[in-house]
Amino acid sequence: MEIDIIGDIHGCHDELLSLMTKLGYKQTSGSYKHSEGRKLAFVGDLTDRGPHSVEVIRTVANLVQEKDAYYCPGNHCDKLYRYFLGRKVQTTHGLETTVEELQQLPTRDYKKVRHQFMTLVEQSPLYQVLDEGKLVIAHAGIRSDLIGQTNKRVKTFVLYGDITGEKNADGTPVRRDWAQAHHGEEWIVYGHTPVRSPRFVNRSVNIDTGCVFGGALSALRYPEMKIEQVPSKQPLNEEKFRSFSE
């Protein structure tokens, strides 16, 4: 199984197209295909903060519908889904940029994008278990002992990480570094926490390199375990990248 797993896009559609081109994917009848039969995978957080969230939804939804890609939702995906359901959610932390894009669409286009996104989320698992269990893709990661479960605790973990219930000074949740304790045989590929370069720890890889914060959009080529990147077009915001002391 040969898969190219792409990190958090957050509305950076131009960088997504550039990265797919670099990886060897070519547009074919609305989707993107690889001459060697490789498939794409996405770790979630397709939207918010970046300039072109609607186009990212359209591109990824088409890829998954055509069975050219795998996808699992991130916390921003979950929040947008609840917004589309009509639930009371705060249009903050980036959602406001997506809502602004959506409000500019004609009604017909809005309904189509809403349907595409809701279908994408509803038909995708909380996390992807691929290659006979050798590869697991989860937005914020997952512990080995939770693989196979889909309860509320697991959903919280894969969307937000191993949170303690406490808050950092900036209001973000305090998260345990679960990757340090990961000793399973499976590779776990995730995003959620922006890092300056892909973080390999104990057969886990964080590939969220903060494209929307001026870093890069990264892909992990599996099973080669090789990283490909394109630079961000967004302004650099150093404060958004997490530093790990190892």
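Here the structure is a predicted model, which means the values were calculated and not measured.

Honestly, the sheet that holds strand 11 (residues 199–201) in this entry has me stumped. Any pointers?
Two strands in a sheet stick together by hydrogen bonds in their backbones, pointing the same way (parallel) or opposite ways (antiparallel). Sheet architecture is open: five strands sit in the order 6-7-10-12-11, paired in mixed fashion. Since the sheet does not close on itself, it has two edges, and those belong to strand 6 (128–130) and strand 11, each with one partner. Ignoring which end each strand starts from, the neighbouring axes of this sheet average 15° apart.

Which parts of the structure should I look at to understand the nonpolar core?
Counting 39 residues, the largest nonpolar core has Ile-6, Ile-9 and Phe-42 as the members making the most contacts within it. Looking at this core, the elements with two or more residues in it are helix 1 (13–23), strand 4 (39–42), helix 2 (53–65), strand 5 (69–71), helix 3 (75–85), helix 4 (95–103), helix 5 (107–122) and strand 13 (216–222). Phe-42 has contacts with Ile-6, Ile-9, Leu-16, Val-60, Leu-63, Ala-69, Tyr-70, Tyr-71, Cys-72 and Ile-137, leaving out every residue within four places of it along the chain.

Quick question: what am I supposed to make of the packing of helix 3 against helix 4 here?
Angle between the axes and distance between the axes: these two values describe a pair of packed helices. Two elements in contact, helix 3 and helix 4, have axes separated by 11 Å at closest approach and are oriented at 45°. When the axes of helix 3 and helix 4 are compared, the pair comes out oblique. Here helix 3 runs over helix 4; the crossing is right-handed. The residues of helix 4 that touch helix 3, namely those facing Lys-79, Leu-80, Tyr-83 and Phe-84, are Leu-95, Thr-98, Val-99 and Leu-102.

Looking at this structure, how should I read the side chain of Asp-131?
Checked against the element boundaries, Asp-131 lands in the loop between strand 6 and strand 7 (135–137). Buried charge without a partner: Asp-131 forms no salt bridge, and the closest opposite charge is Lys-134, 4.1 Å away. In this structure Asp-131 touches Met-1 and Tyr-222, once residues within four positions along its chain are discounted.

Before we go on, may I ask you to explain the pattern of salt bridges in this structure?
When the charged atoms of two side chains lie near each other, side chains of opposite charge can form a pair. For the structure on display, the rule yields 15 salt bridges. For the salt bridge of Arg-38 with Glu-224, the shortest nitrogen-to-oxygen distance reads 2.8 Å. Here Arg-38 is found in the loop between strand 3 (31–34) and strand 4, whereas its partner Glu-224 is found in the loop between strand 13 and strand 14 (226–231), with 186 residues between them in sequence. The exposure class of Arg-38 is buried, given its relative accessible area of 5%. Between Asp-78 and Lys-155 there is a salt bridge whose closest N-O contact spans 3.6 Å. With Asp-78 in helix 3 and Lys-155 in helix 6 (residues 152–160), the pair connects residues that are 77 residues apart, well separated along the chain. The exposure class assigned to Asp-78 is buried, which follows from its relative accessible area of 13%.

Would you mind going over empty space enclosed by the protein with me for this structure?
Regions of empty space are outlined by a rolling probe, equal in size to a water molecule, passed over the atoms. Enumeration over the complete set of coordinates arrives at one cavity of 30 Å³ or more. The space that makes up the largest cavity amounts to roughly 100 Å³. Every residue lining the largest cavity is counted, 14 residues in all, and those nearest its centre are Arg-176, Trp-178, Tyr-190, Thr-193 and Arg-242.

Just to check I follow, could you spell out the sheet that holds strand 14 for this structure?
Pairing within the open sheet is mixed, and its five strands lie in the order 5-4-1-13-14. Each having just a single partner strand, strand 5 and strand 14 make up the two edges of the open sheet. For this sheet, the mean inter-axis angle between neighbouring strands, taken without regard to orientation, is 20°. Pairing geometry for strand 4 and strand 5, over three bridges, is parallel. Looking at the pairing, Leu-40 lines up with Ala-69 of strand 5. Sheet strands touched by helix 2: strand 4 and strand 5. Its angle to strand 5, the strand with the most contacts, is close to 115°.

How should helix 6 be read in this particular structure?
Because each turn of an α-helix spans 3.6 residues, side chains separated by three or four positions in sequence point in the same direction. Buried within helix 6 we find Val-154, Phe-157, Val-158 and Leu-159. For helix 6, the secondary structure elements touched by its buried residues are helix 3 and strand 8 (162–167). By the N-cap criterion, in which a side-chain oxygen at the helix start approaches the backbone nitrogen of a residue two or three places on, helix 6 is capped by Asn-151, the distance to Arg-153 being 3.2 Å. Positive phi shows up at Gly-161, right after helix 6, with a value of about 95°.

Honestly, the layout of surface pockets in this entry has me stumped. Any pointers?
As a volume, the largest pocket reaches approximately 1,100 Å³. Residue lining of the largest pocket: 34 residues in total, with Arg-49, Thr-172, Pro-173, Arg-175 and His-192 positioned closest to the centre. Listing elements by their share of the lining of the largest pocket, those giving two or more residues are helix 3, strand 8 and strand 9 (173–176). Ranked by the residues each element gives to the lining of the largest pocket, the list is headed by strand 8, at five residues. Class assignment for the residues of the lining of the largest pocket results in seven nonpolar, 14 polar and 13 charged. If you add up the space inside the second largest pocket, you get close to 370 Å³. Along the wall of the second largest pocket there are 17 residues; nearest its centre are Ala-61, Val-64, Gln-65, Leu-120 and Gln-123. Among the secondary structure elements, those contributing two or more residues to the lining of the second largest pocket are helix 2, strand 5 and helix 5. Among the elements that take part in the lining of the second largest pocket, helix 5 stands out by supplying four residues, more than any other. In terms of residue class, the lining of the second largest pocket is made up of seven nonpolar, seven polar and three charged.

Reading the values: rules and limits
- Residues numbered from 1 in each chain as written.
- Predicted model: local features only at pLDDT ≥ 70, side-chain atom pairs only at ≥ 80, totals over all residues.
- Heavy atoms only, no water.
- Pairing = 2+ DSSP bridges.
- Helix = DSSP H or I, 4+ residues; strand = E, 2+ residues; numbered from the N terminus.
- Axes fitted to C-alpha atoms, helices over the stretch in contact; angles between N-to-C directions.
- Core = buried A, V, L, I, M, F, W, Y, C linked by side-chain atoms within 4.5 Å.
- Buried < 20%, exposed > 50% of the residue type's maximum accessible area, 1.4 Å probe, protein only.
- Contact = heavy atoms within 4.5 Å.
- Parallel < 35°, antiparallel > 145°, perpendicular 65-115°, else oblique.
- Left-handed = near helix turned anticlockwise from the far one by under 90°.
- Lys, Arg positive; Asp, Glu negative; His and termini not counted.
- Salt bridge = Lys/Arg side-chain N within 4 Å of Asp/Glu carboxyl O.
- 1 Å grid on protein atoms, 1.4 Å probe; cavity = no way out; pocket = protein on both sides within 12 Å on 5 of 7 lines; lining within 4 Å.
- Points joined across faces, edges and corners; volume = space filled by probe spheres on them.
- Polar contact = N/O pair within 3.5 Å; in protein donor to acceptor, adjacent residues only side chain to side chain.
- Nonpolar A, V, L, I, M, F, W, Y, C, P; charged D, E, K, R; others polar.

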